[in-house]
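Architecture and fold: a report
Single-letter residue listing:
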Amino acid sequence: MRMFGSDLGVRRSRLFSLFNRFFLIRHSWGAVAFSALLLSSCTTARINHFKEFAQAGGQYADTVSVVYAQAGDTAIDADSLILTHTRSTIVSARQGLTGDALKQQAAKDSKQLLDDLNDHNRLLKSRLEILDDLRNHVSLLKTYFVALSALAASQEPSGIGEAAKETVDALAGISARIKKAKVGELPVGDFVQPVTTLVVSQFQRAALEKELNARSVVIANEIDLQKAALTAIERGMRDDLSLIEEAEQRAAVIMPYSSAADALPADWAAKRKEFLKKTVKLDAVEAAAHAADRLKLSFMALVENRFDLADAEALVQDINRVATIVEGVHKPRK
């Protein structure tokens, strides 16, 4: 019996040892499986972040392109009003002249007016070219964001990295012109706030990490250039309109409304709407500059793996605000 009991004890000990080893192995494989699942979940979340950012960046590009078009229209309208005021002042100065004196002064004024018109046309075309560059610039940024999203989603990207590099090269050529361009008195480059370094996180995508290490700082600064340009445009638009708005609004809106005439001019309501919408256009540019800043900060957070749901919501909210203002400019007032 003692022999049997001793043998049973040995067997029990061995059995317990086998159970311990079994559960240890199961625990180890469970830990590995859980770690793999967690890693897969994190990778999926990061991929989704790049997709969300690309979608928001695309919406920003489409919306701000409309803002640039509106800025061009406003620049043309403001410049035309300045020319109209200049011509009116010059023509009024001839009052009281007669005969040869009037003819000589009219000929002199005609040459001055043509010279002024040519100068204004040249400067205005230069500004419109800047706006075209900015539209092309933001379109290239949209293309790059899509490429990043594709790199994040693909284990073996084919040609995407090279396409991303070509996009960045194209951006460089446009951005050099934009930085030198003047909107108002100062060049756009004076409004730039450059990024110097970014700490690229690990994303389990070798091609994506390679691209971000090579060009994330460049892209952050290209986004910043959008903000700088919009800030310069907003300041330039405000300066241009402030020169003429008070006098023109007084002549076209305030004086007719407060006059003793029985009826208002037929275009009074249209003139009043025009002045009110100019303020809305300035709001759109200012909101677009704020959205560009948010886009830059979101991109930096994305690269450093700090981008989360709150960042995505804030970015979309800022872009939607721009879109709402832009739509308000075109929507007929009731």
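Here is what the cut-offs are and how they apply
Residues numbered from 1 in each chain as written. Predicted model: local features only at pLDDT ≥ 70, side-chain atom pairs only at ≥ 80, totals over all residues. Heavy atoms only, no water. Core = buried A, V, L, I, M, F, W, Y, C linked by side-chain atoms within 4.5 Å. Buried < 20%, exposed > 50% of the residue type's maximum accessible area, 1.4 Å probe, protein only. Helix = DSSP H or I, 4+ residues; strand = E, 2+ residues; numbered from the N terminus. Contact = heavy atoms within 4.5 Å. 1 Å grid on protein atoms, 1.4 Å probe; cavity = no way out; pocket = protein on both sides within 12 Å on 5 of 7 lines; lining within 4 Å. Points joined across faces, edges and corners; volume = space filled by probe spheres on them. Nonpolar A, V, L, I, M, F, W, Y, C, P; charged D, E, K, R; others polar.

Ranked by internal contacts, the top residues of the largest apolar core, which has 71 residues, are Tyr60, Val67, Phe145, Ile219, Leu230 and Ile233. At the level of elements, α1 (2-92), α2 (99-153), α3 (160-180), α4 (206-258), α5 (268-303) and α6 (309-330) are the ones that each hand at least two residues to this core. For this core, the leading source of residues is α5, giving 15 residues. If near-sequence neighbours (up to four positions away) are discounted, Ile233 is found in contact with Tyr68, Ala71, Leu131, Leu134, Val183 and Val285.

All right, on to the environment of Leu186 then. Note on placement: Leu186 falls in the loop between α3 and α4. Each C-alpha atom of the pair Leu186 and Gly236 lies 9.2 Å from the other, and the pair is 50 residues apart in sequence.

Further remarks concern empty space enclosed by the protein. Throughout the structure, instances matching the rule amount to one cavity of 30 Å³ or more. The space that makes up the largest cavity amounts to roughly 60 Å³. Taken together, Ala71, Ala75, Arg127, Leu131, Val183, Ile233 and Met237 form the lining of the largest cavity. Only α1, α2 and α4 provide two or more residues apiece to the lining of the largest cavity. Taken together, the residues of the lining of the largest cavity sort by class into six nonpolar, no polar and one charged.

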